[in-house]
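Chain residues, written in single-letter form:
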Amino acid sequence: AYVQAAKTRCPAAFATYVGTPYQDSSLEVGWVLPSPEQRGRGVQQIGCLAFEPDGKLTGTVRGSGR
């Protein structure tokens with residue numbers, strides 16, 4: 001359920017944050033899901049992230065349109 005939610009919500013959040021749709025971006029979208037232990041404590045948050053595929057991203061991409 002968490003992976004499906006991330007696959008649905010993170011690309012939309014990416015477009016809002018970066019300023020360009022994920023499909024048109026040179027960046028990748030990813031997510032961090034709560035661990036089983038966290039879920040057991042009621043944590044249900046999914047963290048969305050944007051990253052450079054070659055690992056060289058050094059600053060924010062907010063509003064960059066990348």
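In this numbering scheme, every chain counts its residues from 1 along its sequence in written order. Where totals are concerned, whole chains, interfaces and linings use all residues; where local detail is concerned, this predicted model gives features only for residues with pLDDT of at least 70, and gives and counts side-chain atom pairs only at 80 or more. Side-chain measures were taken over the full set of non-hydrogen atoms in the model, leaving aside hydrogen atoms and water.

Student: I'd like a description of the nonpolar core, backed by residues and values.
Tutor: Think of a nonpolar core as a cluster: buried Ala, Val, Leu, Ile, Met, Phe, Trp, Tyr and Cys residues, connected wherever their side-chain atoms sit within 4.5 Å. Categorising residues by exposure relies on relative accessible area from a 1.4 Å probe, with only protein chains included: less than 20% of the type maximum marks a residue as buried, more than 50% marks it as exposed, and the intermediate range marks it as partly exposed. Formed by Ala6, Cys10, Phe14, Val18, Leu27, Val29 and Val61, the largest nonpolar core amounts to seven residues. Note on conventions: DSSP H or I runs of at least 4 residues are helices, E runs of at least 2 residues are strands, and numbering of each starts at the N terminus. At four residues, the largest contribution of residues to this core is made by helix α1 (residues 2–18). It only takes one pair of heavy atoms within 4.5 Å for two residues to be counted as in contact. Residues within four places of Val61 in sequence aside, it is in contact with Tyr17, Val18, Leu27, Ala50 and Arg66.

Student: Explain a nonpolar patch on the surface to me, using residue names and the numbers behind them.
Tutor: Taken together, the side chains of Val32, Leu49 and Phe51 make up a nonpolar region of the molecular surface, amounting to roughly 230 Å² of accessible area. On the secondary structure map, Leu49 appears in strand β2 (residues 47–51). Judged by relative accessible area, which is 33%, Leu49 ranks as partly exposed. Surface patches are defined over residues having more than 30% relative accessible area and no salt bridge, joining like charges when they lie within 9 Å and nonpolar side chains (Val, Leu, Ile, Met, Phe, Trp, Tyr) when within 5 Å. For accessible areas, the Shrake-Rupley method is used with a probe of radius 1.4 Å. Any residue's cover is judged against the shown protein chains and nothing else. A side-chain nitrogen of Lys or Arg and a carboxyl oxygen of Asp or Glu constitute a salt bridge if their distance falls within 4 Å.

Student: Explain the pattern of salt bridges residue by residue, including any values.
Tutor: All told, the structure shown has two salt bridges when counted by the stated rule. Taking the shortest distance from any N to any O, the salt bridge between Glu37 and Arg41 comes out at 3.0 Å. For Arg41, a relative accessible area of 55% puts it in the exposed group. Linking Arg66 and Glu52 is a salt bridge whose minimum nitrogen-to-oxygen distance equals 2.4 Å. Residue Arg66 is located in the segment after β2, and its partner Glu52 is located in the segment after β2; the two are separated by 14 residues in the primary sequence. Given the relative accessible area of 32%, Arg66 is considered partly exposed. Residue Glu52 is classed as buried on the basis of its relative accessible area of 15%.

Student: Talk me through the environment of Asp24; I want residue IDs and the actual numbers.
Tutor: Summarising the element assignment, Asp24 is placed in the loop between α1 and β1 (28–32). Residue Asp24 is classed as exposed on the basis of its relative accessible area, which comes to 59%. Residues Asp24 and Gly65, spaced 41 residues apart in sequence, show a C-alpha to C-alpha distance of 9.5 Å.

Student: Before we move on, can you summarise the side chain of Ser25 with the specific residues and values?
Tutor: Positionally, Ser25 belongs in the loop between α1 and β1. Residue classification places Ser25 among the buried residues on the basis of a relative accessible area of 15%. Contacts described as polar in this section are N or O atom pairs within 3.5 Å, which, within protein, must combine one atom able to donate a hydrogen with one able to accept it, while residues neighboring in sequence count only if both atoms come from side chains. Within polar-contact distance, the side chain of Ser25 engages the backbone nitrogen of Leu27 at 2.9 Å. Dropping the residues within four chain positions of it, Ser25 is found in contact with Phe14, Thr20 and Arg66.

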